[in-house]
Amino acid sequence: MHRLLSVVMARAGSPRGQAWGCGRRGAHQRAGLPPLGHGWVGGLGLGLGLALGMKLAGGLRGATPAQPPAAPDPEASPQAELPQEQSFAPRPPQSPPPSSAKSFARAIDSSRDLLHRIKDEVGAPGIVVGVSVDGKEVWSEGLGYADVENRVPCKPETVMRIASISKSLTMVALAKLWEEGKLDLDIPVQRYVPEFPEKEYEGEKVSVTTRLLISHLSGIRHYEKDMKKVKEEKAYKALKMMKGTMAPDQEKEGKSNEKNDLAKAKTEQDNETKFRNSKPCKKKNDFEQGELYLKEKFENSIESLRLFKNDPLFFKPGSQFLYSTFGYTLLAAIVERASGYKYLDYMQKIFHDLDMLTTVQEENEPVIYNRARFYVYNKKRRLVNTPYVDNSYKWAGGGFLSTVGDLLKFGNAMLYGYQVGLFKDSNENLLPGYLKPETMVMIWTPVPNTEMSWDKEGKYAMAWGVVEKKQTYGSCRKQRHYASHTGGAVGASSVLLVLPEELDTEAINNKVPPRGIIVSIICNMQSVGLNSTALKIALEFDKDRSD
């Protein structure tokens, strides 16, 4: 307003301003109105000032109180200083911080910085994170875009594919049926699903059970159909692992034995050299497999069995670990037969019980609010939309959509059930967990002969990967106990990680479960490893919690 008045007064005082004023007077007088006096400029300025003041006051009365500024983003680029229309990155929407979040300000800043780095490294359009501490959500935030074309920013409510975290959800259905006595985990699956044929391995009849399916020990294939490629790759990995873990004294002992038995040594050396020089046949990764991009809609789990039910087993059941999403398709059929409900209906009942109101099966037709779009880079390294896929053949193994908030609720429900047995003696008023403590202990107990591809320190349990507490040397690295599952789908990556508090008898007093850190991350870009990032974030919050 002061600037406007200054301009008016300056123009009025200058010769050009007088001409401008005379022009105005001339026009005024030509209109037949009384002549203007010399105070018209002051009157005009006063009028403009009153008008602007009234408008400003009205705007202030209608405005809401300003929110406190967010914490400064250490990864903010110089583009953030440009006018809004020139800025590429959206302001990260985040949930209103609860009062408890103030004590985690350092962990939030550090974790946001880490996520910006990961996002930039992989070129992900958008990423959403959620963290809860002792059952309470303390941070959720979206970075980047849920929809690049329409400039829709990611936010805590953004819905994305959670991929193989769906397996952990399916495990809850199986565990419930087992607790109710409706499902036996150790009898042949044909008792529930006779449509799945009995199997043989190398001419011997073998049994596939629900328990083996859950831990990927059934021998049922994944997306790769070539048995030879799979076996060669597993043998090659086993040799590399054996060489990597061999201690120096074992190597010396091996050399000594070779000298004592030259013939045997030469044979072994020749075989090893031959194996090393003949690399295994290149196996396609999952995203090069045609079955991952199926567009056919299957009406139910029984119908989708035809994709793999007549294929031979790759290994004898129980002998080797072979990650298989198709194994969970068979588990969905078992849920249907054991429960008497359609798989999706039974899962929706579970989601309702767990208060997971935004978790649904992915379908193209329904309008799903806040659903993100999914992306991949083409051969020219250009960002493109992923092709349409129909996940109805693998609801149980990778077909659900969810938010970070719902995943936090799920993780807390599992952690509560895992810990509530420890607190029963000190607090008799505690409600039971959704799953019994002994059930959760079974689910989070590592299974022999399994692998955890996203953390070599761990093993696969029952639809979760589990790393056990371990410390080899004093004042050195201490491995924390945690459970997690990652997910990789067309145009999406995800992780859900549960870091339980290390409880002792004294720590239980005056506390209630769940005690620990839950981290969920979802991303609309495929092939993004997120487990180590989630673990780092969990440890950051655990540090602030301890302090």
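Definitions and limits used
- Residues numbered from 1 in each chain as written.
- Predicted model: local features only at pLDDT ≥ 70, side-chain atom pairs only at ≥ 80, totals over all residues.
- Heavy atoms only, no water.
- Helix = DSSP H or I, 4+ residues; strand = E, 2+ residues; numbered from the N terminus.
- Areas by Shrake-Rupley, 256 points an atom, 1.4 Å probe, with all protein chains shown as cover.
- Contact = heavy atoms within 4.5 Å.
- Pairing = 2+ DSSP bridges.
- Phe/Tyr/Trp six-rings, centres within 6.5 Å; stacked < 30°, edge-to-face > 60°.
- Buried < 20%, exposed > 50% of the residue type's maximum accessible area, 1.4 Å probe, protein only.
- 1 Å grid on protein atoms, 1.4 Å probe; cavity = no way out; pocket = protein on both sides within 12 Å on 5 of 7 lines; lining within 4 Å.
- Points joined across faces, edges and corners; volume = space filled by probe spheres on them.
- Nonpolar A, V, L, I, M, F, W, Y, C, P; charged D, E, K, R; others polar.

Caption draft 1: Structural context of the overall build of the protein. Helix and strand counts for the protein come out as 17 helices and 15 strands. As displayed, the protein offers around 29600 Å² of accessible surface, 53% of which is attributable to carbon and sulfur atoms.

Caption draft 2: The arrangement of the side chain of Thr-533 in detail. Secondary-structure assignment places Thr-533 in helix H17 (residues 531-546). In this structure Thr-533 touches Leu-114, Leu-115, Ile-118 and Ile-521, once residues within four positions along its chain are discounted.

Caption draft 3: A look at the sheet that holds strand S7 (residues 360-361). What the 3 strands build is an open sheet, ordered S4-S10-S7; its pairing is antiparallel. Looking at the sheet topology across the chains shown, the edges are occupied by strand S4 (160-161) and S7. Strand direction decides the pairing type here: S4 and strand S10 (residues 400-402), joined by 2 bridges, are antiparallel. Within the sheet, the bridge partner assigned to Met-160 lies in S10 and is Ser-402.

Caption draft 4: Fine view of the packing of aromatic side chains. This structure, assessed with the given rule, holds 15 aromatic pairs. Between Tyr-343 and Phe-400, the aromatic rings sit 6.3 Å apart at their centres with planes inclined by 40°, giving tilted as the arrangement. You can see Tyr-343 sitting in helix H12 (residues 343-353) and its partner Phe-400 sitting in strand S10, a full 57 residues away along the chain. On the basis of relative accessibility, which here comes to 1%, the residue Tyr-343 falls in the buried class.

Caption draft 5: Seen up close, empty space enclosed by the protein. Overall, the coordinates contain 1 cavity of 30 Å³ or more when judged by the stated rule. Reported here for the largest cavity is a volume of approximately 40 Å³. Every residue lining the largest cavity is listed: Phe-196, Lys-199, Gly-219, Ile-220, Arg-221, Phe-308, Lys-309, Asp-311, Pro-312 and Leu-313. Tallied by class, residues from the lining of the largest cavity come to 5 nonpolar, 1 polar and 4 charged.

Fair warning: the whole summary comes from geometry, so function is off the table for now.
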